[in-house]
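Each chain, letter by letter, is given below.
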Amino acid sequence: MFFQVIDILGTIAFAISGVLVAMNKRMDPFGVLIIAFVTAVGGGTLRDTLIGQTPVSWMINMTYVYVILGATLFAILFKNYINYLRTSLFLFDTIGIGLYTVVGIEKGLTIGLHPIICIALGTMTACFGGVIRDILCNEIPVIFRKEIYATACILGGLTYFLLSEFLTDSNFVFVIAGVVVIVIRLLAVKLKISLPSLYKD
Amino acid sequence: MFFQVIDILGTIAFAISGVLVAMNKRMDPFGVLIIAFVTAVGGGTLRDTLIGQTPVSWMINMTYVYVILGATLFAILFKNYINYLRTSLFLFDTIGIGLYTVVGIEKGLTIGLHPIICIALGTMTACFGGVIRDILCNEIPVIFRKEIYATACILGGLTYFLLSEFLTDSNFVFVIAGVVVIVIRLLAVKLKISLPSLYKD
Amino acid sequence: MFFQVIDILGTIAFAISGVLVAMNKRMDPFGVLIIAFVTAVGGGTLRDTLIGQTPVSWMINMTYVYVILGATLFAILFKNYINYLRTSLFLFDTIGIGLYTVVGIEKGLTIGLHPIICIALGTMTACFGGVIRDILCNEIPVIFRKEIYATACILGGLTYFLLSEFLTDSNFVFVIAGVVVIVIRLLAVKLKISLPSLYKD
């Protein structure tokens, strides 16, 4: 129940981030809806496709469809007021990637994949919706260029497997790993830390 | 038989639209062929991958491969005369998306998916070949920015499920829904109707 | 054993080519790693997804992950010296696409696909890592515009099936087809041959 609420808040934040980018590109309502959708479910869809869990999850659980349709409509109607929600949306997004990272890791564990692959799946779940969004909008994905975002997911994933060595309470491990993602992301934004570009002179 | 002819005409129209965009980008023959191919089968390929129907259909039914190879060769050889076919190609393309929308919907129904998901699958089948074409050509997908295209597919899909409530003759529903897609698309182009951009000031 | 060494050398060459493109785009370390990864395994991943062999191969065989991580770290640390390795990397890359083409063809044969589809799968395995790399870096894929690259794979694939008609020693056919890819690519680069652009006036 608690995780479902986070899942929905994260989906809302992802969808609205898609709406904002798409409107900036002067897309029409259909384009805006597709970008919202892809941003919200793209990471999980890529994960499910690569591990062979098809039909992918948003085709089976209608909650995502309704939440994304609602969030998109809301963001289009109140586009001039979205700015006031910027902090809330940032928080939802951040809590969302914490959850999605751990969900992705556990999907990989369920089918017996190696921890490194599980961390890759977690990071993919949390980050690749934004990557596909940026590609569809003809931009180099923002998470490849700046911001501690995927890095937070990777560190959270490492925490998950480190803790699993010592703790048996899997719910506790789940929560702590997610919190690590969230805290690192919050600190990085607060302290304006980003990874350096690797430009080759 | 009748639907097969439409399928082939649609495939030809899609492939040639790919050839034209690729030549405009000064691609070499291999690039042109790939873009033709992706435009023609990309939507169905994405659909099949996401619902887990693999190997995807063009790998099993060789008709598509031969039709696309033929259409690409034709378009390259007669590139200076393609303009005279513009109206025919537009008609083939339009009839094609009518057919592909309904085919996609019925694929979703076969595996028991929700009507909204089926409409999404139909729209994906009809429209995402063009989306992948535009991404490979480094453009923002044209259907996200203007033209009633996906919207026609969505309205045709809604018609399909509305009619299914009242009619039992599934062939009739199939045809009417396809015709709705075609008529909306034709009217929109004829009357120069497009969706407004949602630019945020 | 011999093929495994080639596979690893090819993976290294592909990963480093990804690192170089990504650094040129001023990406951060995470972006560089993802581009290296995608360049190295993208072709095989697309192939496995489209034919339904999931989880895709790099999720099951950890060798690729370690090799790519190592090659990426190496290329980042010694970025100012990579130029001295240019010839070796070009050779590894070329031998790599020879191997990957034939591996892709044989994957298709194993599941009973048509020779044309098998050649498409071989070409996809060898070339589409670079295509996805270029899309993620917001460029039109280089192999669509110039260089005999995919063409070498296609000709190698045709050789494979021509030889299979006459020879029964499948290892021999495997090697000759791969060598044809390599020789055509080397000759094309040596003699500066490329396909003409099909620009439509």
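Residues numbered from 1 in each chain as written. Chains lettered and ligands numbered in written order. Predicted model: local features only at pLDDT ≥ 70, side-chain atom pairs only at ≥ 80, totals over all residues. Heavy atoms only, no water.

Here's the deal with the overall build of chain A
This is how it is decided: Secondary structure is summarised from DSSP: a helix means a run of H or I of at least four residues, a strand means a run of E of at least two, and numbering begins at the N terminus for each. Every radius of gyration here is taken over C-alpha atoms, with the globule rule written as 2.2 Å times N^0.38, N being the number of residues. Accessibility here uses a 1.4 Å probe with only protein chains present; expressed as a share of the type maximum, an area under 20% marks a residue as buried, one over 50% as exposed, and anything in between as partly exposed. Contacts: residue pairs with any heavy atoms within 4.5 Å of one another. Each accessible area is a Shrake-Rupley result for a 1.4 Å probe, and residues are judged covered by the shown protein chains and nothing else. Lys and Arg are tallied as positive, Asp and Glu as negative. Neither His nor the chain termini are counted. All charge positions are set by atom: Lys at NZ, Arg at CZ, Asp at CG, Glu at CD.
Scanning chain A for helices and strands turns up seven helices and zero strands. Listing each helix as α and each strand as β along chain A from the N terminus yields α-α-α-α-α-α-α. Taken over C-alpha atoms, the radius of gyration comes to 17 Å for chain A, in line with the 17 Å a tight globule of 201 residues would show. Each of the three principal axes of chain A carries a C-alpha extent, and together these read 50 × 45 × 30 Å. Within chain A, the fraction of its 201 residues that count as buried is 53%. Sequence separation of at least 24 residues holds for 71% of the intrachain contacts in chain A that already meet a minimum separation of 6. A total of about 8,800 Å² of accessible surface is found on chain A, and carbon and sulfur atoms cover 68% of it. With 13 positive and 11 negative side-chain charges, chain A shows a spacing of 11 Å between the two charge centroids.

Considerations on the pattern of salt bridges
All names here are of chain A. Heads up, the rule is: The salt bridge criterion pairs a side-chain nitrogen of Lys or Arg with a carboxyl oxygen of Asp or Glu, the two atoms within 4 Å.
Inspection of every chain in the model, using the stated rule, returns twelve salt bridges over all chains. A salt bridge links D134 to R133; the shortest N-O distance between them is 3.0 Å. Using a relative accessible area of 6% as the deciding quantity, one classes D134 as buried.

Remarks on the relation of the copies chain C and chain A
Which entries qualify depends on this criterion: Copies are brought into register by a least-squares superposition over C-alpha atoms of residues with pLDDT of at least 70 in both.
Between the two copies, chain C and chain A, the superposition gives an RMSD of 0.0 Å; the rotation angle is 120 degrees and the shift along the axis is 0.0 Å. Those values place the two copies in the arrangement expected of a three-fold rotation axis. By residue overlap, the copies meet through two different surfaces: only 10% of the interface positions of chain C are interface positions in chain A.

Here's the deal with the interface of chain A and chain B
Stated formally: What counts as buried area is the accessible surface, traced by a 1.4 Å probe, that two parts surrender upon association, with contributions from both included. Just so you know the grouping, Ala, Val, Leu, Ile, Met, Phe, Trp, Tyr, Cys and Pro go in nonpolar, Asp, Glu, Lys and Arg go in charged, and all remaining residues, Gly too, go in polar.
The partner chain B presents 32 residues to the 29 residues of chain A that form the contact. Looking at the side of chain A facing chain B, the largest losses of area belong to D28(A), F30(A) and M59(A), adding up to 23% of the total buried there. Between the two partners, chain A and chain B, sit zero salt bridges. Elements with a contribution of two residues or more to the side of chain A that touches chain B: α1 (2-24), α2 (29-51), α3 (63-77) and α5 (115-136) of chain A. The leading source of residues in the side of chain A that touches chain B is α2(A), at eight residues. Considered class by class, the residues forming the side of chain A that touches chain B number 19 nonpolar, six polar and four charged.

Description of the packing of aromatic side chains
In this description, an aromatic ring pair is defined by two values, namely the gap between the centres and the angle between the planes. Note the cut-off: Two aromatic rings from Phe, Tyr or Trp, using only the six-membered ring of Trp, form a pair when their centres are within 6.5 Å; if the ring planes differ by under 30 degrees the pair is stacked, by over 60 it is edge-to-face, and anything between is tilted.
Considering all chains together, one arrives at 16 aromatic pairs over all chains under this definition. Here the aromatic rings of F37(A) and W58(A) are separated by 5.1 Å at their centres, their planes lie at 80 degrees, and the arrangement is edge-to-face. Of this pair, F37(A) sits in helix α2 while W58(A) sits in the loop between α2 and α3, placing them 21 residues apart in sequence. A relative accessible area of 16% places F37(A) in the buried class. Ring geometry for F74(C) and F78(C): centres 5.1 Å apart, planes at 45 degrees, overall tilted.

Regarding the UniProt feature "transmembrane region" (unreviewed entry) in chain A
Residues and elements named next belong to chain A. As a reminder of what qualifies: UniProt positions are given in the numbering used here, feature names are shortened, and annotations may be inferred rather than shown by experiment.
Per the UniProt record, "transmembrane region" (unreviewed entry) is found at residues 6-23, 30-46, 58-77, 89-105, 111-136, 148-166 and 172-191. For residues 6-23, the end-to-end C-alpha separation is 26 Å, with 100% helix and 0% strand making up the annotated structure. End C-alpha atoms of residues 148-166 are separated by 27 Å, and the span's content is 89% helix alongside 0% strand.

As for helix α6 (residues 150-166) of chain A
This is how it is decided: Given a helix with a known number of residues, its expected span is that number minus one, times 1.5 Å.
The terminal C-alpha atoms of α6(A) lie 25 Å apart, and with 17 residues this matches the ideal 24 Å at 1.5 Å per residue to within 8%. Among the residues of α6(A), A150(A), T151(A), A152(A), C153(A), G156(A), G157(A), T159(A), Y160(A) and F161(A) are the ones counted as buried. Where α6(A) is buried, its residues touch α4 (86-110), α5 and α7 (170-190) of chain A together with α2 (29-51) of chain C.

Quick notes on the relation of the copies chain A and chain B
With an RMSD of 0.0 Å, the operation that places chain A on chain B is a rotation of 120 degrees combined with a shift of 0.0 Å along the axis. Comparing interface residues between copies, only 10% of those in chain A also lie at the interface in chain B; the contact surfaces differ.

Quick notes on the confidence of the model for chain A
Short version of the rule: As a per-residue quantity, pLDDT reports the predictor's confidence and falls between 0 and 100.
Of all residues in chain A, 97% have pLDDT values of 70 or greater, and the mean over the chain is 88. By mean pLDDT, the top-scoring element of chain A is α3(A) (93), and the lowest-scoring one is α1(A) (85).

Observations regarding unusual backbone geometry
Residue P55(B) is reached from T54(B) by a cis peptide bond, and omega for that bond is -5 degrees. Mapped onto the secondary structure, P55(B) falls in the loop between α2 (29-51) and α3 (63-77). A positive phi angle, near 60 degrees, is found at N138(A), a position not held by glycine. Classification of N138(A) by relative accessible area gives partly exposed; the value is 21%.

Considering a nonpolar patch on the surface
For the record, the criterion: Residues qualify for a patch when their relative accessible area is over 30% and they have no salt bridge, like charges being joined within 9 Å and the nonpolar side chains of Val, Leu, Ile, Met, Phe, Trp and Tyr within 5 Å.
Among the surface-exposed residues, F3(A), V175(A), V179(A), V183(A), L187(A), L191(A) and I193(A) lie close enough to one another that they form a single nonpolar patch of about 570 Å² accessible area. The element best represented in the nonpolar patch is α7(A), accounting for four residues.

Considerations on the packing of helix α4 (residues 86-110) of chain B against helix α6 (residues 150-166) of chain B
Residue and element names in this part refer to chain B. Threshold: Lines are fitted to the C-alpha atoms to define the axes, a helix being fitted only along its stretch in contact, and any angle between axes, read from their N-to-C directions, falls within 0 to 180 degrees. The scheme is simple: roughly parallel for angles under 35 degrees, roughly antiparallel for over 145, roughly perpendicular for 65 to 115, oblique for anything else. In this scheme the crossing of two helices becomes right-handed for a clockwise turn of the near helix relative to the far one and left-handed for an anticlockwise turn of less than a right angle.
Two numbers describe how α4 lies on α6: the axes approach to 10 Å, and their chain directions differ by 50 degrees. With respect to their mutual orientation, α4 and α6 come out oblique. Between α4 and α6 lies a crossing of right-handed hand. Contact with α4, carried on its side by I97, T101, V102, I105, E106 and L109, involves C153, G157, Y160 and F161 of α6 and no other residues of that element. When the residues that make up the contact of α4 with α6 are grouped by side-chain class, the tally is seven nonpolar, two polar and one charged.

Concerning the interface of chain C and chain A
As a reminder of what qualifies: Any pair of N or O atoms that falls within 3.5 Å is considered a polar contact. Within protein, one atom must be able to donate a hydrogen and the other to accept it, and sequence-neighbouring residues count only if both atoms are side-chain atoms.
In this complex, chain C contributes 29 residues to the contact, which on the side of chain A involves 33 residues. Per-residue buried area on chain C facing chain A is highest for D28(C), F30(C) and M59(C); these three make up 23% of the total on that side. Remark: the boundary between chain C and chain A carries zero salt bridges. The interface formed by chain C and chain A holds four residue pairs in polar contact (both at pLDDT 80 or more) in total. Of all the elements in the fold, those that place two or more residues in the side of chain C that touches chain A are α1 (2-24), α2, α3 (57-60), α4 (63-77) and α6 (115-136) of chain C. For the side of chain C that touches chain A, the leading source of residues is α2(C), giving eight residues. Looking at the side of chain C that touches chain A residue by residue, the class counts come to 19 nonpolar, six polar and four charged.

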